Amino acid sequence: MARLRSVLAVAATLLAACTSPTTPSDSNEIVVPRLWDAQALASWSLPLANGLAQGYVSPEVYYAAPVDNLRTYPVYHPDREPPGYRAALLALGPQPLIEPERLHTRPQWIEAGRRVFEELDTPASRSDEPELLAHFSDGKAVDKYRDATHDTMTADGVLLDYRWVVERDGKLKLSFSSCAGCHTRVLPDGTLLRGAPRTSISPPRRRPR
Ligand code: HEC
């Protein structure tokens, strides 16, 4: 539970660092903001048109939510996957995405935030069904569904929409990316612009005529 708080706090710390001009950049003091606050939630969203009151779970329920804290790894196009890659991931066993107890300085927290943003996956989508693994082991099968806005691939042959994760049961599973899947843009030269909308969400604009 403490871990979920920490993972969320990393994201919040990152956002606060980006948006708050009062954040002292030279201070090493880590202030973890409290995200889910009943008073702040009361005026968070616009009233619903049908007059009904919207409700949010209480801070008690929110902060007691179960934790998921697992490292994930890039999914390569089958023709670009380094030899022995999946076996090497399996050998690592389940690893924590972040270890809050080992984060002390501001740069360490910022680095942990980068990792959460880039590696977070969508746990409900994790699967090791043979059919799925066979698909991601067959270059031609993957290519069948790739186009300018689907299964975007980086210059290194990484498919941004997916992540490998070694689950707590020790099995290697394929999962959908979270933040980075929608917020990493592949530029025309194949390099990545992290934080920008992905091509399928915001296709390149044509010059106005
Ligand atoms: C399924 C795609 C998707 C995923 C996954 C996703 N986002 Fe987004 N995100 C969007 C879209 C689309 C918008 C723009 C929404 C709008 O403008 O109404 C957005 C907006 C945002 C914004 C606001 C940007 C602004 O300029 O106001 C932030 C911050 C953000 N996302 C952070 C995250 C973080 C952190 C994660 C991971 C925990 C995440 N997003 C996961 C699609 C996604």
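Here is what the cut-offs are and how they apply
- Residues numbered from 1 in each chain as written.
- Predicted model: local features only at pLDDT ≥ 70, side-chain atom pairs only at ≥ 80, totals over all residues.
- Buried ≥ 20, exposed ≤ 12 C-beta atoms within 10 Å, placed from the backbone.
- Helix = DSSP H or I, 4+ residues; strand = E, 2+ residues; numbered from the N terminus.
- Pairing = 2+ DSSP bridges.
- Axes fitted to C-alpha atoms, helices over the stretch in contact; angles between N-to-C directions.
- Contact = placed C-beta atoms within 7 Å.
- Core = buried A, V, L, I, M, F, W, Y, C linked by C-beta atoms within 7 Å.
- pLDDT = per-residue confidence, 0-100.

Engineer: Where do I start with helix H4 (residues 85-92) in this structure?
Structural biologist: Along an α-helix, residues three or four apart share an orientation, since each turn contains 3.6 residues. Along H4, only 0 of the 8 residues are buried, which leaves the element largely exposed. Gly 93 lies just past H4 and shows a positive phi near 70 degrees.

Engineer: I'm lost on the sheet that holds strand E3 (residues 158-166) in this one. Help?
Structural biologist: Strands pair in a sheet through their backbones, by hydrogen bonds, and they do so in one of two ways: parallel or antiparallel. Taken in spatial order, the 4 strands of this open sheet run E1-E3-E4-E2, and their pairing is antiparallel. At either end of the open sheet lies a strand with only one pairing partner, and these are strand E1 (72-76) and strand E2 (121-127). Here the average twist between neighbouring strands, direction ignored, is 45 degrees. Of the strand pairs in this sheet, E1 and E3 are connected by 4 bridges, and their pairing is antiparallel. Residue pairing across strands places Pro 74 opposite Arg 163, the latter belonging to E3.

Engineer: What exactly am I supposed to notice about the environment of Gly 170 here?
Structural biologist: In this structure, Gly 170 sits in the loop between E3 and strand E4 (172-177). A C-alpha to C-alpha distance of 6.3 Å links Gly 170 and Pro 94, two positions 76 residues apart in sequence. Once residues lying within four places of it in the same chain are set aside, the contact partners of Gly 170 are Gly 93 and Pro 94.

Engineer: Please clarify how the nonpolar core should be interpreted in this entry.
Structural biologist: Judged by nonpolar contacts, the single largest core of 18 residues is most densely connected at Val 75, Val 116, Val 158 and Leu 159. Those elements giving two or more residues to this core turn out to be E1, helix H5 (106-119) and E3. Sort the elements by how many residues they give to this core and E3 lands first, with 7 residues.

Engineer: Even after reading the chapter, I still don't get the environment of Tyr 63, so can you show me in this structure?
Structural biologist: The residue Tyr 63 is located in helix H3 (residues 59-63) in this model. According to the C-beta neighbour criterion, Tyr 63 is partly exposed, with 16 such atoms within 10 Å. Put simply, Tyr 63 and Leu 35 are 28 residues apart on the chain and 9.7 Å apart in space, counted from C-alpha to C-alpha.

Engineer: Even after reading the chapter, I still don't get the pairing of E3, so can you show me in this structure?
Structural biologist: Strand residues, when the strand is regular, have side chains that alternate between the two faces of the sheet. For E3, the tally of buried residues reaches 8 of 9 residues, placing the bulk of the element in the interior. Across 5 bridges, the pairing between E3 and E4 is antiparallel. Paired with Arg 163 across the bridge in E4 is Ser 175.

Engineer: Got a minute to help me understand the confidence of the model for the protein chain in this structure?
Structural biologist: In this model, the protein chain carries an average pLDDT of 85, and 83% of its residues clear a pLDDT of 70 or more. pLDDT under 50 marks residues 1-24. Its contacts with residues more than four places away, or in other chains, come to 35 contacts.

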